Amino acid sequence: MSAEAPLIEVKNLKKYYGESNNIFKRKKEVVKAVDGVSFTIHKGETFGLVGESGSGKSTIGRSLLRLNSITSGEVLYKGKNLHSLSDKEVRKIRPKIQFIFQDPFSSLNPRIRVGDAIGEALLDHGLYRKDEVRKKVLEVMEICGLSLQHIDRFPHEFSGGQRQRIGIARAIILQPDFIVADEPVSALDVSIQAQIINLFSDLQKEKEITYLFISHDLSVVEHLCSKIGVLYLGSMMELTSRDKLYENPLHPYTKALLSAVPVPNPTLKRERIILQGDVPNPANPPKGCKFHTRCPLATDICQQEVPAFREVEPEHFVACHLV
Ligand code: ADP
Ligand code: MG
């Protein structure tokens, strides 16, 4: 572990949706989308956040950039509590923390040429003059593997992979030091996925960008991420380095997710663990360990007590009674 203070520190983060603060209204269904999650990300690290759909990944990603409010807990960026900063301070930090979406197309205005879309934020933040902006746009287009002749084309003229390159170019033109990438390759063909992941990895080496990389697929984060957190129904189940997670997964949920990841060497093939049932309703999660209803190893204690999130070996955290 690095002695340097973390770039991002998340402390007991909770985000509940549907809470009514009007005591006269009928109690609404509350979804505990994020239910007490803690982790840190150091400069230059790529933190992979994985879990099935609905586990709270996007909510955490958005909370880290103040794109949604939080119920409780803290998100520190360079030691500053992001959710209690003044608007003025937020404006200063805004360019440094960027978001990349699964579908960049939805965030691109169809009538704005990509060059202008990529340069837009620079003008908005008042960082450069118009002629300088065009130069910067060409620079990042080149870095992101976009053809410079395409600067005046419209978004619909690009393929999915190219659009994601545009999304990345829009984010890195602001020279951020932290990027949340939310399922940025999930909508792409597998062959294109690898190219975009390589681009993320090259950018990280060149520009020392720190990432929170969100994916529902453990095979996507394996080559990019240095640290991985496994989320289930708003709770962190396991958190450790990439190497430890793949070599020695401890949580039954992680084991099940990993068993679905194809391995290049067939003699090392893991036995496929098929999880029973669907993800429970997050508005009414199982008591005790949230995973017990689908866990092949669950015992009595799992149905009754919430397992503590413990450091079972150095830098390897797991929330499971059986470990
Ligand atoms: P993931 O990104 O892992 O699929 P999300 O963070 O999108 O998970 O969602 C976590 C839970 O919170 C889900 O049950 C989802 O339905 C719920 N949720 C997400 N956004 C909202 C919202 N704006 N209002 C109400 N519930 C929401
Ligand atoms: Mg999501």
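Each chain has its residues counted from 1, following the order in which its sequence is written. Labels follow written order: the first chain is A, the first ligand is 1, and so on. Note on the predicted model: pLDDT of at least 70 is required for a residue's local features to be given, and 80 or more for side-chain atom pairs to be given and counted; whole-chain, interface and lining totals, by contrast, use all residues. Derived side-chain values reflect all non-hydrogen atoms in the structure, with water molecules and hydrogen atoms excluded from consideration.

(A) Looking closely at the overall build of the chain. Secondary structure summary: the chain contains ten helices and twelve strands in total. A compact globule built from 323 residues would reach a C-alpha radius of gyration of about 20 Å, and the chain, at 21 Å, matches this within 12%. Based on the C-alpha atoms only, the size of the chain along its principal axes is roughly 65 × 60 × 40 Å. Each residue is placed in one exposure class: buried if its accessible area under a 1.4 Å probe, protein chains only, is under 20% of its type's maximum, exposed if it is over 50%, and partly exposed if it falls in between. Sorting the 323 residues of the chain into buried and exposed places 46% on the buried side. Only heavy atoms enter the contact rule, under which two residues are in contact if any of them lie within 4.5 Å. Restricting the contact set of the chain to residue pairs at least 6 apart, pairs at least 24 apart contribute 64%. When the accessible surface of the chain is split by element, carbon and sulfur atoms take 49% of a total near 16,600 Å². Averaging the positions of the 43 positive and the 39 negative side-chain charges in the chain gives two centres separated by 5 Å. Numbering of helices and strands starts at the N terminus; helices are DSSP runs of H or I of at least 4 residues and strands are runs of E of at least 2. The atom set for the radius of gyration is the C-alpha atoms, and the globule formula is 2.2 Å times the number of residues raised to the power 0.38. Areas reported here follow the Shrake-Rupley algorithm with a probe of radius 1.4 Å; residue values treat only the protein chains shown as occluding. Positive charges come from Lys and Arg alone, negative charges from Asp and Glu alone, with His and the N- and C-terminal ends not counted. By convention, the charge on Lys lies at NZ, on Arg at CZ, on Asp at CG and on Glu at CD.

(B) Quick peek at the side chain of Asp-182. Position of Asp-182 among the secondary structure elements: in strand β7 (residues 178-182). Buried charge without a salt bridge: Asp-182, with Arg-62 as the nearest opposite-charge side chain at an N-O distance of 5.4 Å. Under this definition, polar contacts are N or O atom pairs within 3.5 Å; protein pairs additionally need one hydrogen-donor-capable and one acceptor-capable atom, and for neighbouring residues in sequence, both atoms have to be side-chain atoms. At 2.6 Å, the side chain of Asp-182 forms a polar contact with the side chain of Ser-58. Contacts of Asp-182, omitting those with residues within four sequence positions, involve Ser-58, Phe-99, Ile-100, Phe-101, Gln-102 and Ile-214. Salt-bridge detection follows one rule: a side-chain nitrogen of Lys or Arg within 4 Å of a carboxyl oxygen of Asp or Glu.

(C) Examining the site of ligand 1 more closely. Looking at ligand 1, there are 13 residues lining it, with Gly-54, Gly-56, Lys-57, Ser-58 and Thr-59 nearest. At a separation of 3.5 Å, a nitrogen atom of ligand 1 approaches a polar side-chain atom of Tyr-17. Here Gly-56 contributes a backbone N or O atom positioned 3.1 Å from an oxygen atom of ligand 1. For the shell around ligand 1, the secondary structure elements donating two or more residues are β2 (31-41) and α1 (57-64). No other element matches α1, which puts four residues into the shell around ligand 1. Residues of the shell around ligand 1, tallied by class, amount to four nonpolar, six polar and three charged. For this purpose, a residue is taken to be near a molecule or strand whenever a single non-hydrogen atom of the residue falls within 4 Å of it. For this scheme, ten residues count as nonpolar: Ala, Val, Leu, Ile, Met, Phe, Trp, Tyr, Cys and Pro. Four count as charged, namely Asp, Glu, Lys and Arg, and the remainder, Gly too, count as polar.

(D) Spotlight on the packing of aromatic side chains. For this analysis, a ring pair means two rings from Phe, Tyr or Trp (six-membered ring only for Trp) whose centres lie within 6.5 Å, classed as stacked if their planes differ by under 30 degrees, edge-to-face if by over 60, and tilted for the remaining angles. On inspection of all chains with the given rule, the structure shows eight aromatic pairs. Among the aromatic residues, those joined into a cluster by ring pairs are Phe-200, Tyr-211 and Phe-213.

(E) Highlighting a positive patch on the surface. On the surface, Lys-80, Lys-88, Arg-91 and Lys-92 cluster together into a positively charged patch. Looking at which element gives the most residues to the positive patch, the answer is helix α2 (residues 87-93), with three residues. In this structure, Lys-80 sits in strand β5 (residues 80-81). Patches here are clusters of residues that have more than 30% relative accessible area and form no salt bridge, with a 9 Å joining cutoff for like charges and a 5 Å cutoff for nonpolar side chains (Val, Leu, Ile, Met, Phe, Trp, Tyr).

(F) Just the sheet that holds strand β4 (residues 72-77), in detail. Note on pairing: two strands pair once DSSP finds at least 2 bridges between them. Taken together, the four strands give an open sheet; going across it, the order is β2-β1-β4-β5, and neighbouring strands pair in antiparallel fashion. Single-partner strands in this sheet number two, and they are β2 and β5. One ladder, built from five bridges, connects strand β1 (residues 8-17) with β4; its direction is antiparallel. When the bridges of β4 are listed, Glu-9 appears paired with Leu-76. Note on geometry: axes are lines fitted to C-alpha atoms, helical ones only across the stretch in contact, with angles between N-to-C directions running from 0 to 180 degrees. Across the sheet, α1 is in contact with β1, β2 and β4; its angle to β1 comes to roughly 120°.

No statement about biological role is implied by the geometric values presented.
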